[in-house]
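Each chain, written out:
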Amino acid sequence: MSTLGLTAMTALLAVPAGAALLLVGLSNYRRGARLNVGAALISLLASITLFWTRPDANVYLRVDDFNIYLIVLNNLVSFTTSVFSAGYIAHELETGRLTPKYLRFYHAMYQALVFAMNLAFLANNIGLLWVAIELATLVTVLMVGIYRTRAALEAAWKYFILGSLGIALALFGTIMVYLAAQPVIGQGLPAMAWDQLLTHAHAFDPALLNLAFIFLLLGYGTKAGLVPLHAWLPDAHAEGPTPISAVLSGLLLNVALYAVLRFKMLMSAHPQALAPGPLMIGMGLLSLLFAGFMFYRRGDIKRLFAYSSIEHMGIITFAFGMGGPLANFAGLLHMTMHSLTKSAIFFAVGHISQVKGTQRISNIRGLTATHPLLGWGLAAGVVAIAGMPPFGVFMSEFLVVSSTFAREPWLALPLVLGLLLGFGALLWRLHGMAFGESHGANAPGPSPISALPMIAHLALVFIAGFWLPGPLVVWFQHVAVLLG
Amino acid sequence: MHGLEFDIAHFLAGGMVVVSLLLLYQDRLYALINVFALHSLVLALAVGWQAYIQEAHHLYVTAGIALVFKALFIPAALHRIIQQLGIHRALDVVGGVGRDLLAGAALVALAILVMLPVTVGADAVAREDLAFSLAVVLLGLLLMINRQNAVSLVVGFMSLENGLVLAAAGARGMPLAVEISVAFSVLIALIVIGIFLFRIRERFDSVDMQAMDAFRGERRR
């Protein structure tokens, strides 16, 4: 029983790692793309297996109620993105923006990133978690700079410096958590394991824990793109290949947030420690409002949606900062919905910028007339991310707002203001892009097969607007209680 | 804790803070790199001493990595990069050296004031190390924000990482995974940085960060 679980857990790490090594040596890009999709599919199947049979935790790795669901989400989106990426990359090769040599590197890095993210979720050890996030940062830095243009290098450099700083602060926080745990649990590995930390958290030195949390929030908060630590995010999203924007936005931000939430659980387990709520509420609101205002002056389509990611990270952080079963439930739901919707939008945007030959919003007009599939896909995605019914994002945002009204009516004011700002900007931009007179280049659209990932994600978000599967609701409720 | 053991640990960790302050006012690239090598050497001694007094043999590995990799290999590599790029010249220090040093002194005071009251429960060596390493981290940050040059940015970042290694070594019994990963990350960091430095030179004809700052993706029309 648990042998199967152990195999699945090992596969989640070994398959991407092995595929990354194989891909380095594979010069045919078509085969590379196929291997990439295949490896992602195997990881997805392995992650789903974990629902039935869960391996026993050891000092390094563990599958528990909190991470299991995020692991599946992670592998689902990395699988669909690998399908999208196969079509996208073929086009980049035709236009000469990438060469086969870089593609070999690109595919290997993609699997290395999947490995790093799976490791971050599976880690039972705060040191291992840190190593995984560091690895993910370095890999994405390389991928953001892959086009080798001025803008891409500037973006990658900025991301590298800010990301490394965040990582450095997080390591300092990690060491302090160990120092707080060591007198209670004893020296060595157990003092860095989540399960041990959580059981003994109430006996830790609160002052040390407080300081550690500040460092961890700033460190991993940088990786999650929270204002005022967000400066790398729009550049990195706009200048890298679009599949990477989709993975960065849909998955890597979740990984960073997951790390913050784990440490928040430690803080909540200690009665005398600083309440993490107000800090997270403050940063969340700041991100939301800042992104809301920044929307209006964006000229680049990928930058526009990068700011939308900052906005949604803000909403999620706010929800978890509020805490309590209802707000935590909303936060978890929003995390899922945002991942699915935002990656669908980036799939659409990737194809759109390829058929139009530009990322400038002012050069993209009347998509629904020339490319109905992309135009309506984008429209559906933007309507969903702006928080309109009947999509799942509406449901989660509604829950955040209503739980805030019930508990802290004054906080609901800036929250609603931020949501409305984003709503207005996105619909205004969408109107120009999707409707009206078309002009500029009009290459033929992608084959329907490469649009499948987008359609699949939007369908999931649409269904979630009406109906959530029973086990999922139970899981959300259970984890919402755990998060405190 | 024997008096002498503690005193030497204290002396070496304090030495790192002093060398960090030295880094702040270097106005030539070669000198900056040489002082960084000294910084790493002091780190190697401090970690080696921790390994001896804690009887934690894995820390000798960390000390060895600091000595070979950070005190010898990286400075040599950076010297080479500077020669190849032909950027051997004076550095611009934003706001002047005097202001930098004052800010540095304030940061050291801040680190000690924040750390010492918080760590009353921890053992004395860990306590000193944590306070000093926070000071080194903050000084590294100060170095990073005050320099316009890509190489000094990198040196600032590596001095910051040295501070983290000091903290990790001071934490009694902290598992090896972390130290190796820190060293490993610096290795990867150097590769990435090496690539970047060359590419930056190719595209911008300069490693001056201001040449890059003038360019923002958003303004491209």
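Residues numbered from 1 in each chain as written. Chains lettered and ligands numbered in written order. Predicted model: local features only at pLDDT ≥ 70, side-chain atom pairs only at ≥ 80, totals over all residues.

S.K.: How do you make sense of the overall build of chain B when you look at a structure like this?
M.R.: When its secondary structure is counted, chain B shows 8 helices and 0 strands. When the helices and strands of chain B are read in sequence order from the N terminus, they spell out α-α-α-α-α-α-α-α. For chain B, long-range pairs separated by at least 24 residues make up 71% of all intrachain contacts whose partners lie at least 6 apart in sequence. (Helix = DSSP H or I, 4+ residues; strand = E, 2+ residues; numbered from the N terminus. Contact = placed C-beta atoms within 7 Å.)

S.K.: I'm lost on the overall build of chain A in this one. Help?
M.R.: Along chain A, the regular secondary structure elements total 19 helices and 0 strands. By the compact-globule yardstick of 23 Å for 484 residues, chain A fits well, its C-alpha radius of gyration being 21 Å. Each of the three principal axes of chain A carries a C-alpha extent, and together these read 65 × 55 × 45 Å. For chain A, the residues scored as buried account for 62% of the 484 residues in total. Considering only contacts in chain A between residues 6 or more positions apart, those separated by 24 or more positions represent 82%. (Rg over C-alpha atoms; globule rule 2.2 N^0.38 Å. Buried ≥ 20, exposed ≤ 12 C-beta atoms within 10 Å, placed from the backbone.)

S.K.: Honestly, the packing of helix α1 (residues 3–24) of chain B against helix α5 (residues 124–146) of chain B in this entry has me stumped. Any pointers?
M.R.: Each packed pair of helices is defined by two parameters, the angle between the axes and the distance between the axes. Residue and element names in this part refer to chain B. Two elements in contact, α1 and α5, have axes separated by 9 Å at closest approach and are oriented at 5 degrees. With respect to their mutual orientation, α1 and α5 come out roughly parallel. For the pair α1 and α5, contact is made by Phe6, Ala9, His10, Ala13, Gly14, Met16, Val17, Ser20, Leu21, Leu23 and Leu24 and by Ala124, Val125, Glu128, Asp129, Phe132, Ala135, Val136, Leu139, Gly140, Leu142 and Leu143, respectively. Looking at the contact of α1 with α5 residue by residue, the class counts come to 16 nonpolar, 4 polar and 2 charged. (Axes fitted to C-alpha atoms, helices over the stretch in contact; angles between N-to-C directions. Parallel < 35°, antiparallel > 145°, perpendicular 65-115°, else oblique. Nonpolar A, V, L, I, M, F, W, Y, C, P; charged D, E, K, R; others polar.)

S.K.: What should I look at first to understand the nonpolar core in this one?
M.R.: Residues Ala116(A), Ala120(A), Ala132(A), Ala136(A), Val255(A) and Ala135(B) are the most contacted members of the largest nonpolar core, which totals 259 residues. The element that contributes the greatest number of residues to this core is helix α6 (residues 150–185) of chain A, accounting for 24 residues. Among the domains, domain 1 (1–274) and domain 2 (277–484) of chain A are the pair contributing at least three residues each to this core. Sequence-distant contacts of Val255(A), defined by excluding residues within four places in its chain, comprise Met117(A), Ala120(A), Phe121(A), Ile133(A) and Ala136(A). (Core = buried A, V, L, I, M, F, W, Y, C linked by C-beta atoms within 7 Å. Domains from an automatic or database assignment.)

S.K.: Is there a simple way to explain helix α1 (residues 2–24) of chain A in this structure?
M.R.: For the α-helix, the turn length of 3.6 residues means that residues three or four positions removed from each other point alike. All names here are of chain A. Between its first and last C-alpha atoms α1 spans 33 Å; for 23 residues at 1.5 Å apiece the expected length is 33 Å, and the two agree. Taken as a whole, α1 carries its principal kink of about 35 degrees at Ala11. Listed in full, the buried residues belonging to α1 are Ala8, Met9, Leu12, Val15, Pro16, Ala19, Ala20 and Leu23. The inward-facing, buried residues of α1 contact α2 (29–49), α3 (67–94) and α4 (100–122). (Expected span 1.5 Å × (residues − 1). Bend = angle between axes of the 7 residues up to and from the residue.)

S.K.: Looking at this structure, how should I read the packing of α6(A) against helix α9 (residues 232–239) of chain A?
M.R.: All names here are of chain A. Contact geometry for α6 and α9: axes closest at 8 Å, N-to-C directions at 140 degrees. With respect to α9, the element α6 is oriented oblique. Here the hand of the crossing between α6 and α9 comes out left-handed. Seen from α6, the contacting residues are Ala151, Ala152, Glu154, Ala155, Lys158, Tyr159, Leu162 and Gly163; seen from α9, they are Trp232, Asp235, Ala236, Ala238 and Glu239. Here the contact of α6 with α9 is composed, by residue class, of 8 nonpolar, 1 polar and 4 charged. (Left-handed = near helix turned anticlockwise from the far one by under 90°.)

S.K.: Honestly, unusual backbone geometry in this entry has me stumped. Any pointers?
M.R.: Working note: non-glycine residues mostly have negative phi, and peptide bonds are mostly trans. Along the chain, Val227(A) connects to Pro228(A) via a cis peptide bond; the corresponding omega equals 5 degrees. Among the secondary structure elements, Pro228(A) is positioned in the loop between α8 (206–224) and α9. A cis amide bond links Pro389(A) with the next residue in sequence, Pro390(A), at an omega value of 10 degrees. In this structure, Pro390(A) sits in the loop between α15 (372–385) and α16 (392–407). At Glu55(B), a position not held by glycine, the phi torsion is positive, near 55 degrees. Note that Glu55(B) resides in the loop between α2 (29–54) and α3 (58–85).

S.K.: Hey, could you run me through the domain arrangement of chain A in this one?
M.R.: Many structure descriptions define interface size as the accessible area lost when the parts assemble. All names here are of chain A. Along its sequence, chain A is organised into domain 1 (1–274) and domain 2 (277–484). Domain 1 and domain 2 are separated by 22 Å when their C-alpha centres are compared. Taken together, the 37 residues of domain 1 in the interface contact 39 residues of domain 2. Elements with a minimum of two residues in the side of domain 1 that touches domain 2: α3, α8, α9 and α10 (242–268). Top contributing element to the side of domain 1 that touches domain 2 by residue count: α10, with 14 residues. Partitioned by chemical class, the residues of the side of domain 1 that touches domain 2 number 21 nonpolar, 14 polar and 2 charged.

S.K.: Can you help me understand the confidence of the model for chain B in this one?
M.R.: Caution applies to low-pLDDT parts of the model: their predicted coordinates are not meant to be read in detail. Residue and element names in this part refer to chain B. Confidence along chain B averages 78 in pLDDT terms, with 74% of residues attaining 70 or more. Every residue in residues 214–221 scores below 50 in pLDDT, and together they form 12 contacts with partners more than four places removed in sequence or on other chains. In the predicted complex, the global pTM is 0.92; the interface-specific ipTM is 0.87. (pLDDT = per-residue confidence, 0-100.)

S.K.: What is the right way to look at helix α17 (residues 409–434) of chain A in this model?
M.R.: Residues and elements named next belong to chain A. For α17, which comprises 26 residues, the first-to-last C-alpha distance of 37 Å matches the rise-based estimate of 38 Å (1.5 Å per residue) to within 8%. Considered for burial, the residues of α17 that qualify are Leu415, Gly418, Leu419, Leu421, Gly422, Ala425, Leu426, Leu430, Met433 and Ala434. For α17, the elements touching its buried residues are α11 (277–294), α12 (301–322), α14 (367–370), α15 and α16. Just beyond α17, the residue with positive phi is Gly436, at close to 90 degrees.

S.K.: Explanation requested: the environment of Ala203(A) in the structure shown.
M.R.: Relative to the helices and strands, Ala203(A) resides in the loop between α7 (194–200) and α8. Residue Ala203(A) is classed as exposed on the basis of its C-beta count, with 12 C-beta atoms lying within 10 Å.

S.K.: Hey, could you run me through the environment of Leu130(B) in this one?
M.R.: All names here are of chain B. Relative to the assigned elements, Leu130 resides in helix α5. On a C-alpha basis, the gap between Leu130 and Leu164 in space is 9.0 Å, while along the polypeptide they are 34 residues apart. For Leu130, the contacting residues outside a window of four places in its chain are Met115, Thr119, Ala167 and Gly170.

S.K.: Got a minute to help me understand the environment of Ser152(B) in this structure?
M.R.: Structurally, Ser152(B) can be placed in helix α6 (residues 150–170). Taking the C-alpha atoms as reference points, Ser152(B) and Leu32(B), 120 residues apart in sequence, are found 7.5 Å from one another.

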